[in-house]
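Residue-level structure breakdown
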Amino acid sequence: MINKKVPIKELYGVFRYNEWINEVKNSYDFDWLRKNLKEKGLLEPLVCFELKESKLSTIKKFKYQISNGNHRAYILKELYGEDYEIKICIVSEEQGESLALNRLRRISQTKYE
């Protein structure tokens, strides 16, 4: 794993899609996250993996894919813009996909009352 700071404009993730934002905005407390990031800053780095050469024009300009941290990236971009540098932890693509799948499994097993 490698830790470094990169500008938000180098990051690719679902936070860049209006469909995702519209889907999660009513089920996630973005106000709490916004307040927390303003007061405390980014406490843990976003987990990312390097993007390989891609034929997809939508991701050609990006260097890293976010595995964990899209909500934080969305708010930080909103607050500070694309040039703001944030901490990331770079893992292999396999590790990134595994982390994302494990997180989805935990979420799907959560019981809501």
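Residues numbered from 1 in each chain as written. Predicted model: local features only at pLDDT ≥ 70, side-chain atom pairs only at ≥ 80, totals over all residues. Heavy atoms only, no water.

**Points about the packing of aromatic side chains**
All told, the structure shown has 6 aromatic pairs when counted by the stated rule. Note on Tyr12 and Phe62: the rings are 5.4 Å apart at their centroids and 40° apart in plane angle, and the pair reads as tilted. In this pair, Tyr12 is assigned in strand 2 (residues 11–12) and Phe62 in the loop between strand 3 (46–50) and strand 4 (64–68), connecting sequence segments 50 residues apart. Taking the relative accessible area as the measure of exposure, Tyr12 reaches 14% and is therefore buried. Look at Tyr80 and Tyr84: their rings are 4.5 Å apart centre to centre, the planes differ by 25°, and that puts the pair in the stacked class. Cluster of aromatic residues (ring-pair linked, three or more members): Trp20, Tyr28, Phe30 and Tyr74. (Phe/Tyr/Trp six-rings, centres within 6.5 Å; stacked < 30°, edge-to-face > 60°. Helix = DSSP H or I, 4+ residues; strand = E, 2+ residues; numbered from the N terminus. Buried < 20%, exposed > 50% of the residue type's maximum accessible area, 1.4 Å probe, protein only.)

**Some words on the pattern of salt bridges**
Scanning the entire structure with this criterion turns up 6 salt bridges. In this structure, Lys9 engages Asp83 in a salt bridge whose closest nitrogen and oxygen atoms are separated by 2.7 Å. Residue Lys9 is located in the loop between strand 1 (2–7) and strand 2, and its partner Asp83 is located in the loop between helix 3 (70–80) and strand 5 (85–91); the two are separated by 74 residues in the primary sequence. Residue Lys9 is classed as partly exposed on the basis of its relative accessible area of 43%. Owing to a relative accessible area of 54%, Asp83 belongs among the exposed residues under this scheme. A cluster of three or more residues bridged by salt bridges with shared partners is formed by Asp31, Arg34 and Glu78. (Salt bridge = Lys/Arg side-chain N within 4 Å of Asp/Glu carboxyl O.)

**Re the nonpolar core**
Within the largest apolar cluster, 22 residues are counted, with the highest numbers of intra-cluster contacts made by Leu11, Leu46, Ile86 and Ile88. Secondary-structure elements contributing two or more residues to this core are helix 1 (18–24), helix 2 (30–40), strand 3, strand 4, helix 3 and strand 5. In terms of residues, this core owes the most to one element, helix 3, which gives 4 residues. (Core = buried A, V, L, I, M, F, W, Y, C linked by side-chain atoms within 4.5 Å.)

**Quick look at the environment of Pro7**
The residue Pro7 is located in strand 1 in this model. When sequence neighbours within four positions are dropped, the list of residues in contact with Pro7 reads Glu82, Asp83, Tyr84 and Glu85. (Contact = heavy atoms within 4.5 Å.)

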